[in-house]
Amino acid sequence: MQSPDKAEVENPLFRTDRSVLLEMNSRTAGVERTVRAAAQQYLSPAIQDQWALLAVGGFGRGDLFPQSDVDLLLLTGRTASAVSAKDAINHFLRTLWDAGLSPSHSVRTVEECCQLDATNVELTVSLLTQRFLEGDQALYKVLMERLPAFIGSQRRAVTDHLLRLTANRYGKFQSTIYHLEPDVKETPGGFRDLHLIEWLALLRGTPSPELEVLTPAAAFLANVRTCLHERVKRNDNRLTFEAQDALFADPAQSMREYYRQARAIFRGAQQAVDTAAQPGGGMMRSFLDWRSRLSNAEFTVSGDHVLLRTPQALAGDPGMAMRLLQFVARHGVRLARDTERRLADAVSGGLTLSQLNLWREWRDLLSLPHSAMALRAMHETGLLKTLFPEWNRIECLVTRDFYHRYTVDEHTIVTWETLEAMAESKDDPRRPFRELFLETSDPHLLRTALLLHDIGKGGGTGEHEAESTRLAEIALERTGAPEAERDTILYLIRNHILLSSLMTSRDLHDAEAVGAAAHQVGTIERLQLLTLLTFCDIGAVNPAALSPWRMTQLWSAYRSLSHELTRELDAERIEAPAVDDPRRGGFLQGFPTRYLLVNSEKDVDRHLQMTETSKRDGAVAELVREEGYWNATVVTIDRAGLLADLAGLLASFGMNILKAEAFSNSQGVVLDVFRFADPTRRLDLNADEVGELERLLVRVSLGKEDVSRRLAARPKPVAPAKRDRIAPVVSFNGDVSAHATLLDVIAEDRPGLLYDLAHAISSESCSIEVLLIHTEAHKAIDVFYLTSDGRKLGPAQQAALKHRLLSTLV
């Protein structure tokens with residue numbers, strides 16, 4: 001363990017020594033005294049038959065934290081004995097609660113303890129670390145005589161159960177330790193992994209040398225977890241940003257230390273899992289036998305892992321290191337733990353790659369199907385920093401934007417994994433991107449850009465694109481990248497947020513906005529790579545970031561720019577539609593040209609039918625379920641505040657509006673279209689609610705429903721912490737569109753926000769033609785295209801509207 005930083009030594013909450021482990025032993029002893037006294041007072045007089053009280057789980061291990069549960073097992077000779085002593089047991093437990101403890105108990109006979117319950121294997125696991133506390137020693141002796149034989153007979157079943165639980169737990173956390181706000185108990189590399197190592201060692205009946213090696217890491221995590229419990233006075237193990245600020249004098253440096261210690265624990269757990277896992281029968285064994293045929297003169301495949309035939313040759317042969325990684329990338333076979341250790345030792349011993357043709361080796365590696373697996377191996381062994389020293393700047397780096405889930409280095413690696421998962425996916429929303437990737441002739445350019453696109457974040461400046469580009473240029477020149485390939489990679493890095501910005505803050509069918517972006521992109525080839533890079537970058541933010549809606553938006557951005565790069569857009573308004581049906585022609589006349597770009601022929605027919613119905617009823621509304629979201633379409637005659645009222649009604653139903661557009665034609669018909677998410681699945685789970693919402697949309701359109709009353713009945717959201725509050729920003733741009741003024745609003749998201757904004761806009765006699773909504777955590781980023789009497793807003797109108805909006809947002 002590294003020596004403590006002076007600032008951290010002075011921090012009153014967090015320490016870096018191992019005294020906390022002694023404190024845990026002392027705390028356990030104190031709890032034990034309380035439990036034994038309560039047992040003597042209430043259980044001894046009441047239970048007539050044999051009984052014994054055991055400490056299990058964390059209490060049995062002796063690693064109690066300030067707010068940990070106190071796990072107890074009441075062993076009885078007969079089940080009836082515990083039933084008859086129910087009141088005494090309740091008094092016993094109440095005494096523990098009154099003492100400030102959190103007891104968790106179960107009652108079992110010896111026979112029940114020595115039977116494997118498939119629905120409660122955790123009972124058997126808890127018995128691995130049990131200790132006698134109070135009661136009948138003879139009964140406990142009976143258990144201890146039978147327990148070893150029982151554990152031995154069920155070793156394989158319990159081991160397999162633990163491996164399944166571990167796989168599920170890892171999956172919940174995306175199998176990575178690099179979460180920005182980790183759970184120090186459950187996240188990979190946390191205390192649960194230390195428990196796993198111990199359990200697997202106890203099951204196989206041999207000591208666990210890994211635990212002794214991991215003592216410094218365990219002490220570090222124990223200090224963190226103890227501080228978390230003491231700070232919030234509950235069993236909360238999540239190391240949030242707020243907790244990091246409270247615990248650490250230097251949060252960024254201390255979190256890097258956390259990841260180093262968690263990485264050691266995670267590796268130990270993976271080693272224990274690899275040792276415990278056994279190939280299944282039949283097909284699995286045949287598969288592994290087949291994989292072993294991949295072996296060659298340098299590398300052998302055993303148990304689906306790569307081993308070195310001549311390990312000593314690695315230290316003096318940098319070419320062998322690259323061939324090893326290319327073997328991994330070609331076949332998708334992971335490094336064995338011994339191979340990983342030897343490669344790390346060679347790197348730390350001074351292995352240099354300078355004598356190689358680095359760009360050729362790198363290009364060959366990145367052109368292989370499983371290069372992400374090789375990249376992770378390079379990261380874990382330190383070889384990536386040898387090839388790209390710039391990687392040091394972002395290793396274990398935490399950036400706080402309340403949107404990303406991972407550290408910067410892990411986010412970067414996940415971009416590669418996102419690309420590979422997309423390339424293999426048959427999922428419909430991903431299919432267009434998969435086909436686009438298959439058309440790409442230079443995947444190594446895309447992967448290199450992904451590797452270096454955030455490298456500038458280590459500089460601490462807000463805008464990192466320029467710094468990433470500067471550092472990438474140095475790295476690419478050092479590796480010998482050809483000028484043409486270097487230019488493409490640097491372009492992608494410099495512009496890697498272009499499409500994200502376009503799809504979240506611009507109308508994708510506004511000719512000027514798309515034209516400007518297309519001019520910046522330049523070529524179809526670059527657009528393809530930039531689209532794929534954006535797909536991977538968003539997908540690596542967090543597991544939910546790349547929703548079907550975001551994929552649809554990104555693909556729309558690609559289509560719009562692709563269209564602009566091949567031919568010019570039509571005129572802004574549809575003046576003389578070329579159709580045979582006069583009704584259809586009259587309906588289309590006056591609509592903006594984007595209406596035909598965003599709606600299919602089937603959509604136009606449906607909207608025309610809705611328009612005919614609205615002439616009779618005054619208004620008509622329709623809800624349609626799409627992939628991952630809902631569409632609400634309302635046709636009526638426009639009125640002041642209509643869009644705001646419709647948005648308010650959707651908010652009152654708990655819907656998250658993703659996008660809204662208002663189309664109007666020469667006949668005065670307005671077509672308002674909302675795309676929204678239903679986070680609670682209210683409409684999916686209650687079919688009647690669909691009809692009710694459609695009915696209310698019509699009533700709102702006709703001015704017969706008080707939306708403000710409905711919004712007032714919504715529960716108030718919990719405000720974010722003071723340090724996380726977002727100051728509102730209102731800005732205007734008159735150059736983006738030829739006919740409208742662009743309004744950007746950044747504010748703290750809340751239910752009814754769009755309703756309030758739209759009403760403020762309407763009160764200043766402005767019309768909303770297009771609205772784009774984007775949210776990042778609790779930050780709302782809304783973009784409005786506004787007109788007043790069909791023209792752009794003048795300076796006086798902008799000033800008045802800005803004042804009203806800021807008053808609304810305070």
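Relevant structure appears above.
Residues numbered from 1 in each chain as written. Predicted model: local features only at pLDDT ≥ 70, side-chain atom pairs only at ≥ 80, totals over all residues. Heavy atoms only, no water.

A. Representation of the nonpolar core in the model. Counting residues in each nonpolar core, the largest one holds 93 residues, and the members touching the most others are W362, L365, L451 and L561. Counting 63 residues, the second-largest nonpolar core is a separate cluster that includes C114, Y140, L247 and V273. (Core = buried A, V, L, I, M, F, W, Y, C linked by side-chain atoms within 4.5 Å. Buried < 20%, exposed > 50% of the residue type's maximum accessible area, 1.4 Å probe, protein only.)

B. The pairing of strand 5 (residues 299-302), seen in detail. Going residue by residue along strand 5, you find F299 and V301 tucked away on one face and T300 and S302 left uncovered on the opposite face. Pairing of strand 5 with strand 6 (residues 305-308), which is carried by four bridges, proceeds in the antiparallel orientation. The residue bridging S302 from the neighbouring strand is H305, located in strand 6. (Helix = DSSP H or I, 4+ residues; strand = E, 2+ residues; numbered from the N terminus. Pairing = 2+ DSSP bridges.)

C. View of the environment of R309. Its location among the elements puts R309 in the loop between strand 6 and helix 16 (318-331). Judged by relative accessible area, which is 45%, R309 ranks as partly exposed. Residues R309 and E298 lie eleven residues apart in sequence; the distance between their C-alpha atoms is 5.5 Å. Non-local contacts of R309, meaning those with residues more than four positions away in its chain, are made with S295, N296, A297, E298, F299 and T300. Within the structure, R309 has its side chain in polar contact with the backbone oxygen of N296 (distance 2.5 Å). (Contact = heavy atoms within 4.5 Å. Polar contact = N/O pair within 3.5 Å; in protein donor to acceptor, adjacent residues only side chain to side chain.)

D. Structural detail: unusual backbone geometry. The phi dihedral of Q174 falls on the positive side, at around 55 degrees, and the residue is not glycine. Tracing the sequence through the fold places Q174 in the loop between helix 9 (155-172) and helix 10 (191-204). With a phi angle near 55 degrees, S175 is a residue other than glycine that sits in the positive phi range.

E. The arrangement of the sheet that holds strand 5 in detail. Across the sheet, which stays open at both edges, the three strands sit in the order 5-6-7 with mixed pairing between neighbours. Pairing within the sheet leaves two strands with one partner each, and these edge strands are strand 5 and strand 7 (334-335). With two bridges connecting them, strand 6 and strand 7 associate as parallel partners. Its bridge partner being in strand 7, V306 is matched across the sheet by L335.

F. Representation of the sheet that holds strand 4 (residues 131-135). With mixed pairing, four strands are arranged side by side in an open sheet as 3-2-1-4. Because the sheet does not close on itself, it has two edges, and the strands there are strand 3 (103-109) and strand 4. Direction aside, the axes of adjacent strands within the sheet are offset by 25 degrees on average. Pairing of strand 1 (residues 51-55) with strand 2 (residues 70-76), which is carried by five bridges, proceeds in the antiparallel orientation. When the sheet's bridge partners are listed, L53 is paired in strand 2 with L74. The strands that helix 5 (residues 86-98) touches are strand 1, strand 2 and strand 3; relative to strand 3, the one it contacts most, it runs at about 155 degrees. Packed on one face of the sheet, helix 8 (residues 137-153) meets strand 1, strand 2 and strand 4 and runs near 60 degrees to strand 1. (Axes fitted to C-alpha atoms, helices over the stretch in contact; angles between N-to-C directions.)

G. Fine view of the pattern of salt bridges. The final tally for this structure, using the stated rule, is 47 salt bridges. Here R263 makes a salt bridge to E395, at a shortest N to O gap of 3.7 Å. On the criterion of sequence distance, the pair formed by R263 in helix 14 (residues 251-276) and E395 in the loop between helix 20 (383-387) and helix 21 (408-424) is long-range, its members being 132 residues apart. In terms of burial, R263 and E395 fall into one category: buried. Note that R709 and E705 form a salt bridge whose closest N and O atoms lie 3.7 Å from each other. The network of salt bridges with common partners includes D338, R341, R342 and D345. (Salt bridge = Lys/Arg side-chain N within 4 Å of Asp/Glu carboxyl O.)

H. Focus on a negative patch on the surface. A contiguous patch of negative charge on the surface is contributed by E473, E477, E483 and D487. Of all the elements in the fold, those that place two or more residues in the negative patch are helix 24 (465-479) and helix 25 (483-494). For E483, the position within the fold is in helix 25. (Patch = residues over 30% accessible without salt bridge, like charges linked within 9 Å, V, L, I, M, F, W, Y side chains within 5 Å. Areas by Shrake-Rupley, 256 points an atom, 1.4 Å probe, with all protein chains shown as cover. Lys, Arg positive; Asp, Glu negative; His and termini not counted. Charge placed at Lys NZ, Arg CZ, Asp CG, Glu CD.)

I. The arrangement of the packing of aromatic side chains in detail. Scanning the model with the defined rule gives 16 aromatic pairs in all. Summarising the aromatic geometry, the rings of F587 and F591 are spaced 5.1 Å apart at their centres and angled 80 degrees between planes, so their arrangement reads as edge-to-face. Given a relative accessible area of 2%, F587 falls into the buried group. Judged by its relative accessible area of 0%, F591 falls in the buried class. (Phe/Tyr/Trp six-rings, centres within 6.5 Å; stacked < 30°, edge-to-face > 60°.)

J. Focus on helix 16. Its 14 residues give helix 16 an end-to-end C-alpha distance of 20 Å, which sits within 8% of 20 Å, the value for a rise of 1.5 Å per residue. Of all the 14 residues making up helix 16, eleven are buried; the element is thus mostly covered by neighbouring parts of the structure. Three or more residues of helix 16 are buried, namely P318, G319, M320, A321, M322, L324, L325, Q326, F327, V328 and A329. Two to three positions downstream of the cap, the backbone nitrogen of G319 sits 3.1 Å from a side-chain oxygen, assigning the N-cap of helix 16 to D317. Within two residues after helix 16, G332 carries a phi angle of roughly 70 degrees, on the positive side. (Expected span 1.5 Å × (residues − 1).)

K. Spotlight on the packing of helix 24 against helix 25. Viewed as axis vectors pointing N to C, helix 24 and helix 25 meet at an angle of 160 degrees, and their least axial separation amounts to 9 Å. Looking at the two axes, helix 24 sits roughly antiparallel to helix 25. Once helix 24 is placed against helix 25, the crossing between them reads as right-handed. Contacts between helix 24 and helix 25 involve E465, S468, T469, A472, E473, L476 and E477 on the former and, on the latter, R486, I489, L490, I493 and R494. Looking at the contact of helix 24 with helix 25, its residues break down into five nonpolar, two polar and five charged. (Parallel < 35°, antiparallel > 145°, perpendicular 65-115°, else oblique. Left-handed = near helix turned anticlockwise from the far one by under 90°. Nonpolar A, V, L, I, M, F, W, Y, C, P; charged D, E, K, R; others polar.)

Interpretation note: all reported values are geometric properties and have no functional meaning in isolation.
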